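Architecture and fold: a report
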Amino acid sequence: MTDTDLIEVLPDAILNFNGPFDEPRTNHLKITNKSLTPIVFKIKTSAPAAYRVTPVFGVVEPCKYERVLIILQPFKFDVNVYYQHRFLIQWRYLSSDEDINSQSIYKFETKNPYLKIREIKRQCNFYGASSGLESSGITPMVINEFKSTRKAAETLRSEKTCLEAEASSMIDEIRTFHQLQEMKKERTELPSCLHMLVFLLIGFVAGIFFYVIVMSVKTENKTTR
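The present account deals with the structure reproduced in this document. Model, not experiment: these values are computed from the prediction.

Each value, and the rule that gives it
Residues numbered from 1 in each chain as written. Predicted model: local features only at pLDDT ≥ 70, side-chain atom pairs only at ≥ 80, totals over all residues. Heavy atoms only, no water. Pairing = 2+ DSSP bridges. Helix = DSSP H or I, 4+ residues; strand = E, 2+ residues; numbered from the N terminus. Axes fitted to C-alpha atoms, helices over the stretch in contact; angles between N-to-C directions. Buried < 20%, exposed > 50% of the residue type's maximum accessible area, 1.4 Å probe, protein only. Core = buried A, V, L, I, M, F, W, Y, C linked by side-chain atoms within 4.5 Å. Contact = heavy atoms within 4.5 Å. Phe/Tyr/Trp six-rings, centres within 6.5 Å; stacked < 30°, edge-to-face > 60°. Lys NZ or Arg CZ within 6 Å of the ring centre and 35° of its normal.

**What to know about the sheet that holds strand β4 (residues 39–45)**
As summarised here, the arrangement of the five strands in space is β2-β9-β8-β4-β6, forming an open sheet in which the pairing is mixed. The open sheet terminates on both sides in strands that have one partner only, identified here as β2 (14–18) and β6 (57–60). When the angles between neighbouring strand axes are averaged without regard to direction, this sheet yields 25°. Inspection of the sheet shows strand β8 (residues 86–93) paired to strand β9 (residues 118–127) by six bridges, in the antiparallel sense. When the sheet's bridge partners are listed, Ile89 is paired in β9 with Ile120.

**Description of unusual backbone geometry**
In this structure, the amide linkage connecting Leu10 to the following residue, Pro11, adopts the cis form with an omega of 0°. Relative to the assigned elements, Pro11 resides in the loop between β1 (7–10) and β2. Pro55 follows Thr54 through a cis peptide bond whose omega is -10°. Relative to the helices and strands, Pro55 is located in the loop between β5 (51–54) and β6. In this structure, Cys63 takes a positive phi of about 60° despite not being glycine. Judged by its relative accessible area of 59%, Cys63 falls in the exposed class.

**Observations regarding the nonpolar core**
Generally speaking, nonpolar side chains in soluble globular proteins are found buried as a group. Counting 28 residues, the largest nonpolar core has Phe17, Ile31, Ile43 and Tyr51 as the members making the most contacts within it. Listed by contribution, the elements that provide at least two residues to this core are β1, β2, β3 (25–33), β4, β5, β7 (64–72), β8 and β9. A total of four residues in this core trace back to one element, the largest contributor, which is β8. Every residue in contact with Ile43, bar those within four places of it in the chain, is listed here: Leu29, Ile31, Val53, Pro55, Val56, Val68, Phe87, Leu88 and Ile89. The next biggest cluster of nonpolar side chains, apart from the first, holds five residues, and it includes Val40, Leu94, Ile105 and Tyr106.

**A look at the sheet that holds β5**
Here four strands make up an open sheet; going across it, the order is β1-β3-β7-β5 and the pairing antiparallel. Taken across any chain shown, the strands that pair with only one partner, and hence form the sheet edges, are β1 and β5. Between one strand and the next, the sheet's axes are offset by a mean angle of 15°, whatever the strand orientation. Sheet analysis places β3 next to β7, joined by nine bridges and oriented antiparallel. Within β7, the position partnered with Lys30 by the bridge is Arg67.

**Brief notes about the packing of aromatic side chains**
Counted by the stated rule, this structure contains twelve aromatic pairs. Relative to Phe75, the ring of Phe21 has its centre 5.2 Å away and its plane inclined at 40°; by these criteria the two rings are tilted. One end of the pair, Phe21, is in the loop between β2 and β3; the other, Phe75, is in the loop between β7 and β8, with 54 residues separating them in the sequence. Given the relative accessible area of 24%, Phe75 is considered partly exposed. Judged by centre distance (5.6 Å) and plane angle (55°), the ring pair of Phe75 and Phe126 falls under tilted. One end of the pair, Phe75, is in the loop between β7 and β8; the other, Phe126, is in strand β9, and 51 residues separate them in sequence. Ring-pair connections join several aromatic residues into one group, and the members of that group are Phe17, Phe21, Tyr51, Phe75, Phe77, Tyr83, Phe87 and Phe126. Just above the ring of Tyr65 sits the side chain of Lys30; from NZ or CZ to the centre is 4.5 Å.

Quick look at the structure:
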């Protein structure tokens, strides 16, 4: 048999507390030892200021059980808040040479693999008296998970909008860059055309000048004869 078969902690998964929460609310953990060896347990919580636990630690003899009283202190309940309160039940077997009446057994300091510390976790759930959730059949935990999911979706939509705006800005920058490149290209091509025209004009003028000189020489030759 496994440890989960030998050690039973009730309730199975969730500790429910019903409002109103302007006064103390109570619940119990029932720790049953189905083994043939005594066990020692210790109770821890993620919200120690919110609870009073009695007893915090103890010993459960074979084939017996121990009830642990859990008192939730008064607080202002908000249905929009996801209260992540949890309880951790640590336990281990006691060896035959350990003194049950000694406080040292609750330090859970042992190197014996048989006496290793086991852990069982329980989630807390709150039902507000004025929230109307009981009649709807929807627990606050489900409502809060839905709201968290919706908030995450809104965040993703906002990020998507920002990314689209950045992409549009990048596209505009790329278009502007191409336009500037085209303008530079046109400016580069324009001086080249002007240079070509100047060269053609100089060549034309030089040709006329050469022609005039040649004709002048011919005319002088004719005159001389």
